[in-house]
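The chain contents come next:
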Amino acid sequence: MNRIPVITVDGPSGVGKGMVTRWLAQRTGFHRLDSGALYRILALAAANSVDLDNHAAVAALASGLKIEFVGTSEDDEAILVGGQDWTREVRAETTGALASRIAVSPEVRAALLQRQKDFRVAPGLIADGRDMGTVVFTDARLKLFLDASPEERADRRLKQLSKAGIAANFATLCEEIRARDARDRSRSVAPLKPADDAYLIDTTGLSPEAVLAKVEALSVAAGF
Ligand code: DC
């Protein structure tokens, strides 16, 4: 039995998992795993060298990737792959869609499984993803599942993008979010769904502060 505590935070894209997991990591002093970044990095590496639909070839690339997350401020980090800064490319919307495409493959998921488990080091781990509570850390002490309507997530994403000076269209964003949700929720391996023992938090219409107040109450009750 692994005694190192884990808190899992799962949910669809754009629901605020990043905000919640960063806040929890600061509060507890635990490490943080951004599992989506691993899928994104692998998708980018694969897109540069193999056919993305050749899942065996994509999976084979996983073990050779040297990935580092380097804190650049209290709530942000740079993503280095083989010593090079991939942060911008990894975070791009188009990369999320590529990641979702390779994430349907059992071979790809298996190739990233141990890598994710390796993040479980003392004093503890806050794990952000889609299947943290259902597959990767089934014995987590606290499991949260965040959800929000596609419209609300598209609206938040639009605001983030406009803050970053990137133009985007609400209807297109909504459509992309629905397509990615459908793929993530309907895949046969590790589909996006709450673990039976997860607490559900619907963040539609809630401010970030209101979401964090709910998270705080649940984490206090769980002894964190
Ligand atoms: O959280 P994110 O947007 O960075 O994730 C990108 C894609 O990676 C997402 O659409 C599905 C996949 N993913 C996954 O299948 N399992 C995870 N634990 C994390 C991400």
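Our subject is the structure listed above.
Heads up: these notes are all about the structure in this document.

Thresholds, definitions, all that
Residues numbered from 1 in each chain as written. Predicted model: local features only at pLDDT ≥ 70, side-chain atom pairs only at ≥ 80, totals over all residues. Heavy atoms only, no water. Helix = DSSP H or I, 4+ residues; strand = E, 2+ residues; numbered from the N terminus. Rg over C-alpha atoms; globule rule 2.2 N^0.38 Å. Buried < 20%, exposed > 50% of the residue type's maximum accessible area, 1.4 Å probe, protein only. Contact = heavy atoms within 4.5 Å. Areas by Shrake-Rupley, 256 points an atom, 1.4 Å probe, with all protein chains shown as cover. Lys, Arg positive; Asp, Glu negative; His and termini not counted. Charge placed at Lys NZ, Arg CZ, Asp CG, Glu CD. Near = heavy atom within 4 Å. Polar contact = N/O pair within 3.5 Å; in protein donor to acceptor, adjacent residues only side chain to side chain. Nonpolar A, V, L, I, M, F, W, Y, C, P; charged D, E, K, R; others polar. Axes fitted to C-alpha atoms, helices over the stretch in contact; angles between N-to-C directions. Parallel < 35°, antiparallel > 145°, perpendicular 65-115°, else oblique. Pairing = 2+ DSSP bridges. Expected span 1.5 Å × (residues − 1).

1. With respect to the overall build of the protein
Item 1. Helices and strands together make up the secondary structure of the protein, namely 10 helices and eight strands.
Item 2. Relative to its length of 224 residues, the protein is compact, with a C-alpha radius of gyration of 17 Å against a globular reference of 17 Å.
Item 3. Along the first, second and third principal axes, the C-alpha set of the protein runs to 45 × 45 × 35 Å.
Item 4. Within the protein, buried positions represent 45% of all 224 residues.
Item 5. Long-range contacts, defined here as pairs at least 24 residues apart, represent 74% of the contacts in the protein between residues at least 6 apart.
Item 6. When the accessible surface of the protein is summed, it comes to about 10,900 Å², and 54% of that surface belongs to carbon and sulfur atoms.
Item 7. One finds the centroid of the 29 positive side-chain charges in the protein at a distance of 2 Å from the centroid of its 30 negative side-chain charges.

2. Points about the site of the ligand
Item 1. Around the ligand, a shell composed of 15 residues is seen, among which Arg40, Arg109, Arg130, Asp131 and Arg187 lie nearest.
Item 2. Between the ligand and the protein, one listed contact pairs a nitrogen atom with a side-chain N or O atom of aspartate 131 at 2.9 Å.
Item 3. If the ligand stood free it would expose 450 Å²; the protein chains cover 95% of that surface.
Item 4. Of all the secondary structure elements, the ones that give two or more residues to the shell around the ligand are helix H2 (35-49), helix H5 (93-102) and helix H9 (170-186).
Item 5. Partitioned by chemical class, the residues of the shell around the ligand number four nonpolar, four polar and seven charged.

3. Examining the packing of helix H3 (residues 55-62) against helix H6 (residues 106-117)
Between two packed helices, what matters for the description is the angle formed by their axes and the separation of those axes.
Item 1. At their nearest, the axes of H3 and H6 sit 8 Å apart, and the two run at 10° to each other. Classified by the angle between their axes, H3 and H6 sit roughly parallel to one another. Taken together, the residues of H6 that come into contact with H3 (itself represented by His55, Ala56, Val58, Ala59 and Ala62) are Glu107, Val108, Ala111, Leu112 and Arg115.
Item 2. For the contact of H3 with H6, the per-class residue count stands at seven nonpolar, one polar and two charged.

4. Details of the sheet that holds strand E7 (residues 142-147)
Item 1. Overall, parallel pairing links the five strands, which are arranged E2-E6-E1-E7-E8 in an open sheet. If you trace the sheet from one side to the other, it starts and ends with strand E2 (31-34) and strand E8 (199-202), each paired once. Taking the axes of each pair of neighbouring strands and ignoring which way they run, one obtains an average angle of 20° across the sheet.
Item 2. The sheet contact formed by strand E1 (residues 6-10) and strand E6 (residues 125-129) spans five bridges and is parallel.

5. A closer look at H2
Item 1. Here H2 is 15 residues long and its end C-alpha atoms lie 22 Å apart, about the 21 Å a rise of 1.5 Å per residue gives.
Item 2. Across the 15 residues of H2, 11 count as buried, placing the element largely inside the fold.
Item 3. Along H2, the residues classified as buried are Ser35, Ala37, Leu38, Tyr39, Arg40, Ile41, Leu42, Ala43, Leu44, Ala45 and Ala46.

Scope: geometric values only; no functional claims are made or implied.
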